[in-house]
Amino acid sequence: MRLHMTEFIFTLFLLAGTAVSIDFVHHRYSEMVQVLFRVQNDCPYITRIYSIGHSVQRRQLYVLEFSDNPGIHEPLEPEFKYVGNMHGNEVLGRELLLQLAEFLCEEYRMGNERITRLIQETRIHIMPSMNPDGYEVAADQGPDANGYLTGRNNVHYIDLNRNFPDLNSVLYYNEKNGGPNHHIQLPDNWEKTVEPETRAVIKWMQSYNFVLSANLHGGAVVANYPFDKSRERVRYPKTSYAATPDDSLFQKLAKTYSFAHGWMHQGWNCGDYFENGITNGARWYSLSKGMQDFNYLHTNCFEITLELSCNKFPRTEQLEHEWLANREALISYLEEIHQGIKGMVYDENNNVIGGAVISVKEIHHDITSGMEGDYFRLLLPGTYTVTASAPGYYSKTESVTVGPAGPTQVNFHLKEVKCLPKEGHTCLKQIDKKIFPRSVTDS
Ligand code: GEM
Ligand code: ZN
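Here's what I pulled together on the structure shown here. (Residues numbered from 1 in each chain as written. Chains lettered and ligands numbered in written order. Predicted model: local features only at pLDDT ≥ 70, side-chain atom pairs only at ≥ 80, totals over all residues. Heavy atoms only, no water.)

**Some words on the pattern of salt bridges**
- Counting across every chain of the model gives 20 salt bridges.
- Residues Lys-252 and Glu-336 are paired through a salt bridge, measuring 2.9 Å at the closest nitrogen-oxygen approach. Here the residue Lys-252 occupies a position in helix H9 (residues 247–260), and Glu-336 occupies one in the loop between helix H12 (319–335) and strand S11 (341–347), the gap between them amounting to 84 residues.
- Given the relative accessible area of 30%, Lys-252 is considered partly exposed.
- Classification of Glu-336 by relative accessible area gives buried; the value is 13%.
- A single network of salt bridges, built from pairs that share partners, joins Glu-90, Arg-152, Asp-159, Arg-162 and Lys-312. (Salt bridge = Lys/Arg side-chain N within 4 Å of Asp/Glu carboxyl O. Helix = DSSP H or I, 4+ residues; strand = E, 2+ residues; numbered from the N terminus. Buried < 20%, exposed > 50% of the residue type's maximum accessible area, 1.4 Å probe, protein only.)

**Let's talk about H9**
- With 14 residues, H9 ought to run about 20 Å at 1.5 Å a step, and its terminal C-alpha atoms sit 20 Å apart, in line with that.
- Within the sequence span of H9, burial applies to Asp-247, Leu-249, Phe-250, Leu-253, Ala-254, Thr-256, Tyr-257 and Ser-258. (Expected span 1.5 Å × (residues − 1).)

**What to know about the state of the cysteines**
- Inspection of the entire model under this criterion finds 2 disulfides.
- In this model Cys-43 forms its disulfide with Cys-105; the gap between the sulfur atoms is 2.1 Å. Classification of the bridge connecting Cys-43 and Cys-105 rests on its S-S torsion, roughly 90°, and on that basis the disulfide is right-handed. Of this pair, Cys-43 sits in the loop between helix H2 (29–42) and strand S1 (47–54) while Cys-105 is found in helix H3 (residues 92–109), placing the two residues 62 residues apart along the sequence. (Disulfide = S-S within 2.5 Å.)

**A closer look at the packing of aromatic side chains**
- A complete count under the given rule lists 21 aromatic pairs for this structure.
- With a centroid separation of 5.5 Å and an interplanar angle of 70°, the aromatic rings of Phe-250 and Tyr-296 are classed as edge-to-face. Of this pair, Phe-250 sits in helix H9 while Tyr-296 sits in helix H11 (residues 291–298), placing them 46 residues apart in sequence. Just as Phe-250 is buried, Tyr-296 falls in that class too. (Phe/Tyr/Trp six-rings, centres within 6.5 Å; stacked < 30°, edge-to-face > 60°.)

**Brief notes about the site of ligand 1**
- Lining the immediate surroundings of ligand 1 are 15 residues, of which Asn-161, Arg-162, Asp-228, Tyr-285 and Glu-307 lie closest.
- In the model, an oxygen atom of ligand 1 is placed 3.2 Å from a nitrogen or oxygen of the Glu-90 side chain.
- In the model, a nitrogen atom of ligand 1 is placed 3.4 Å from a nitrogen or oxygen of the Asn-224 side chain.
- In isolation ligand 1 has 400 Å² of accessible area, and contact with the protein removes 97% of it. (Near = heavy atom within 4 Å. Polar contact = N/O pair within 3.5 Å; in protein donor to acceptor, adjacent residues only side chain to side chain. Areas by Shrake-Rupley, 256 points an atom, 1.4 Å probe, with all protein chains shown as cover.)

**Here's the deal with the pairing of strand S10 (residues 302–309)**
- Judged by how many residues are buried, S10 sits mostly within the fold: 8 of 8 residues are covered.
- Pairing analysis gives 6 bridges linking strand S5 (residues 210–217) to S10, with the strands arranged parallel. Following the sheet pairing, Ser-213 is matched in S10 by Glu-303.
- Across 5 bridges, the pairing between strand S6 (residues 220–225) and S10 is antiparallel. Within S10, the position partnered with Ala-220 by the bridge is Ser-309. (Pairing = 2+ DSSP bridges.)

Now the structure itself:
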C-alpha cells in the first residue's frame, strides 16, 4: 500500500509519539485530569500520577510526579512539591502548574540539559489543585463575574489556609519555656479537626520527606515567606515581622522567585508595595493555621507562598503572558533545592539511621534524616557547626563550609552507646529509643 506524503509524515509523527501541547485556557476538573494523564502518557518513563485522597465532593487530589525513577525515593535526591489552587478562586497557579508539567515533559524529551539534570537530581511533585471543589464553584461564574470570595473555601465553607493545626502557638511557647524547635507534634485528635483536603495534604507531607515547596495563590503579586503568624498580638493595620530562625534563607528563596519573575521584583503591584517583591507573612498581615508555617514546624519542608496575580481569576487571554512571566521563576525556585548540606546518617555497620536529628548550632531549627537515612539541610553559604544525633547513639559534630553552588555532602557515622553502665552517661539501650538522648555527647 502506498502512502501519500502527508499521510507518511503524519504516521511518522504518530510513531514518534509527538506530544500534544495544552492550550492556554482554563481547565475544569475533568480537563485538568486529562492534561495530567496526557503528560503522563507522553513522558511515561519520568512521570507517575497518584492521588493523595479526595475533596469533600470526592474529587481525587491528583499529584503528578517527575523523576528519573518515578515512584521511588532515591537516597540523596531531594523531594520538591508545588501546590496550586488551595483557594478555589485563585486559579492562575493551577494553570501554571499544568503548563509546567507539560514543559518539563517536552523539554526532557527534546534533551534540554537543564531540565534533564533537574529531573535526574530531583523528585518533583506537582499538585495543580488542592481545592478542586472550590474551583468548580468559582469557574461556574467564570473570570468576569467572579466575586472576590466565591469558591475560595472548600464546600464546607472552610478556608483551607486557616485549617491546619496551629503549631506556631506551641513553638512560641517553647521559645520562652523550652521545648522542640522542629517536628512539633500534632494533637491526638487532629484528624477530626481538619477538612478532608487538609487531612490528605498533612498525610502526604508525613509520608514524603519534602525539602522545599511553594504554595501558589493570587490576589497580589509577592513572594511571602514564614512566619505567617505573628508572635505578639497586634491590631491590623499594625503588624509585626515574625522571623523564623532561617529568615535570611527564606528571604533568598523568595527573592529567587521574585527576581526571576517578569515584574514581581519591581515591588509596586496591585496597588501595594513590597520591597524586592517579597514579604514576611506576619509583616503583611498575621494569619493563623496556614499551610506554610505548618510545613516548617511539623516537617523538614521549607515552604513559601507565592501570590501570582492581582486578578484571582485572570481572563484566558492573560494566561500565556503569565506563563512566560512565571516560567523561569518556577524553574529557578525548584533549583534552589540543591544548596546547603546533605548526606547520609549511618551506624558503625553502615546501616542507615532514619529520624536522626541534624542541628546547626548557628540556627535554632533542626531537621531530621528520612527513612533511608538521608538528610537535606538548606543553608546559605557560610561555615556551620553541624551535629547529628539519634537515640541510642553518641552524637557527632562537624564543622562544615557551604559554598554558593550545589550542596556540600557530609555523611555521619554514629557509634552506638553500648549497654555497659559507665560513669557519666546512662545506658540508652534500656531507655525507650523514642526518647531523645540529651545527656549523651560526643564519644
Ligand atoms: C493569603 S496567604 C499569603 C499571605 N500571608 C500573610 N501572612 N499575610 C491568605 O491565605 O490569606 C493570601 C491569599 O489568600 O492568597
Ligand atoms: Zn489564597
